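What follows is each chain in one-letter form.
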Amino acid sequence: MTALGEIGQQPRVLIVDGSRVVRRLIEQVLQAELPGVTVVACASGEEALARLDEGGFDFVTTALRLPDMDGVDLARRIRTHAPQAYVPIVVVSGSAQERLMARTLGDDVTDYFDKSLGFQALAAFIGGYVHPVERITGQVLYVEDSRVVALATSRILERHGLSVRHVVSAEEAIQIVEGERGADGLPTVDLVLTDVSLKGALTGGDLLDRVRNHCGLGKGLLPVLVMTGDDNPRSQAVLLRAGANDLVSKPIDERLLVTKLQFQLRVSQHLRRQQTEPAR
């Protein structure tokens, strides 16, 4: 997947709706309000999945009712689509609120947007994700057993306004994630950045499994980015399926690393705010 905001790349938005009129209206508004954004419109879930095979997207909107599947089913299939790293998926519907309250939208849906607010508001909503203007801050739990590498990478992150808490093992990271919670019940750290290979009994993959399956923290509430020097697509797919939000190739590219971190923090902070705010 192309990293959001990567140098030389423009954000790509996938619109999925069975109505040709709705697709065209959304596409026109986005192109007018968000210059530089590439919009791809699909009429069905299967068509959307086929387009995903052709390249990644930075944002997906879907109707709840599609000609061939439910929008939530589409979101679930996107999440299990190996080449696709974590991407915001927003349901655009006039009836999403009912299903949200009934807790039937599921964790695969990042957010919902009430269609009655209008397409101009939708453009502004999407713009907050793909063309952010604010600088994102947050605490990164950084797991790296090489102190030389950790020092250099920590300085990079701190230079971009991020707070870094460095530990050398997955065991230490697990203690922090499980033992240090805020008033909202969520970890005090905002994101985990971990190497795959670590000294000790546990690997970065084990840490990922603990966060997702034992702690029950989804991709939105606690993003996990995994650093790896393995460029084998199968190995990378295993990490994504296990719950990694995205992968960071080694050796590290500073701009790409910071872009990915800030993007995942932006999505996560939005979701955390929603969890602690009264239902809309």
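### Details of the sheet that holds strand β3 (residues 59-62)
Reasoning step 1: What the 5 strands build is an open sheet, ordered β2-β1-β3-β4-β5; its pairing is parallel. Either end of the sheet is taken by a strand with one partner, and the two such strands are β2 (38-42) and β5 (111-114). Averaged over all pairs of adjacent strands, the angle between their axes in this sheet comes to 20°, without regard to strand direction.
Reasoning step 2: In the sheet, strand β4 (residues 89-93) pairs with β5 via 4 bridges, with the strands oriented parallel.

### Examining the nonpolar core
Reasoning step 1: If you look at the biggest cluster of nonpolar residues, it comprises 25 residues, and the most contacted ones within it are Leu141, Val177, Val192 and Leu207.
Reasoning step 2: Going through the elements one at a time, β6 (139-143), α7 (170-179), α8 (204-214), β9 (224-228) and α9 (233-241) are the ones with two or more residues in this core.
Reasoning step 3: Ranked by the residues each element gives to this core, the list is headed by α7, at 5 residues.
Reasoning step 4: Non-local contacts of Leu207, meaning those with residues more than four positions away in its chain, are made with Val143, Ala170, Ala173, Ile174, Val192 and Thr194.
Reasoning step 5: By size, the runner-up hydrophobic cluster in this structure holds 24 residues, among which are Val29, Phe59, Phe119 and Phe125.

### Side note on the environment of Ile156
Reasoning step 1: Tracing the chain through its elements places Ile156 in helix α6 (residues 147-159).
Reasoning step 2: Leave out the neighbours within four places in its chain, and Ile156 touches Glu254 and Val258.

### A closer look at the packing of α7 against α8
Reasoning step 1: It is at 9 Å that the axes of α7 and α8 come closest, and there the two elements cross at 20°. The angle between α7 and α8 places the two elements in the roughly parallel class. Crossing of α7 over α8 shows right-handed handedness. For the pair formed by α7 and α8, the contact residues are Ala170, Ala173, Ile174, Val177 and Glu178 on the first element and Leu207, Arg210, Val211 and His214 on the second.
Reasoning step 2: Of the residues assigned to the contact of α7 with α8, the class counts are 6 nonpolar, 1 polar and 2 charged.

### Considering the packing of aromatic side chains
Working definition: an aromatic ring pair is given by the centre-to-centre distance plus the angle between the planes.
Reasoning step 1: Applying the stated rule across the entire model yields 0 aromatic pairs.
Reasoning step 2: For the cation-ring pair, Arg12 lies above Phe57, with the distance from its terminal atom to the ring centre recorded as 4.2 Å.

### Here's the deal with the confidence of the model for the chain
Reasoning step 1: Summary statistics for the chain give a mean pLDDT of 85 and a share of 88% for residues scoring 70 or more.
Reasoning step 2: Confidence drops under pLDDT 50 across residues 1-8; counting only partners more than four residues distant or on other chains, this segment forms 24 contacts.

### Quick notes on the sheet that holds strand β10 (residues 246-249)
Reasoning step 1: The strand order β7-β6-β8-β9-β10 describes an open sheet built from 5 strands, whose pairing is parallel. The strands lining the two open edges of the sheet, one partner per strand, are β7 (163-167) and β10. Strand after strand, the sheet turns through a mean of 25° between neighbouring axes, direction not considered.
Reasoning step 2: With 4 bridges connecting them, strand β8 (residues 191-195) and β9 associate as parallel partners. Following the sheet pairing, Leu193 is matched in β9 by Leu225.
Reasoning step 3: Docked against the sheet, α7 engages β6, β7 and β8, running at close to 150° with respect to β6.

Rules of the game
- In this numbering scheme, every chain counts its residues from 1 along its sequence in written order.
- Only residues with pLDDT of 70 or above have their local features reported here, since the model is predicted, and side-chain atom pairs are shown and tallied only from 80 upward, although totals for entire chains, interfaces and linings are computed over all residues.
- Hydrogens are left out, water is left out, and the side-chain values use all remaining heavy atoms of the structure.
- Criterion used throughout: strands pair if DSSP finds at least two bridges between them.
- Here a helix means four or more residues in a row that DSSP labels H or I, a strand means two or more in a row labelled E, and each is numbered from the N terminus.
- To obtain an axis, a line is fitted to C-alpha atoms, over the contacting stretch when the element is a helix, and the angle between two such axes runs from 0 to 180 degrees between their N-to-C directions.
- In this text, buried Ala, Val, Leu, Ile, Met, Phe, Trp, Tyr and Cys residues form a nonpolar core when linked through side-chain atoms within 4.5 Å.
- For every residue, the accessible area obtained with a 1.4 Å probe (protein chains only) is divided by the maximum for its type, and the residue is called buried under 20%, exposed over 50%, and partly exposed between those limits.
- Note on definitions: a residue-residue contact is assigned when non-hydrogen atoms from the two residues lie within 4.5 Å.
- To sort the angles, those under 35 degrees are grouped as roughly parallel, those over 145 as roughly antiparallel, those from 65 to 115 as roughly perpendicular, and the leftovers as oblique.
- It is the rotation of the near helix from the far one that decides the hand of a crossing: anticlockwise by less than a right angle makes it left-handed, clockwise makes it right-handed.
- Basically, the charged four are Asp, Glu, Lys and Arg, the nonpolar ten are Ala, Val, Leu, Ile, Met, Phe, Trp, Tyr, Cys and Pro, and anything else, Gly included, counts as polar.
- Any Phe, Tyr or Trp ring, taking Trp's six-membered ring, that has another such ring centre within 6.5 Å forms a pair; planes under 30 degrees apart are called stacked, those over 60 apart edge-to-face, and the others tilted.
- As a reminder, the over-ring test applies to NZ of lysine and CZ of arginine, requiring each to be within 6 Å of the ring centre and within 35 degrees of the ring normal.
- Confidence scores labelled pLDDT are given residue by residue by the predictor and lie between 0 and 100.

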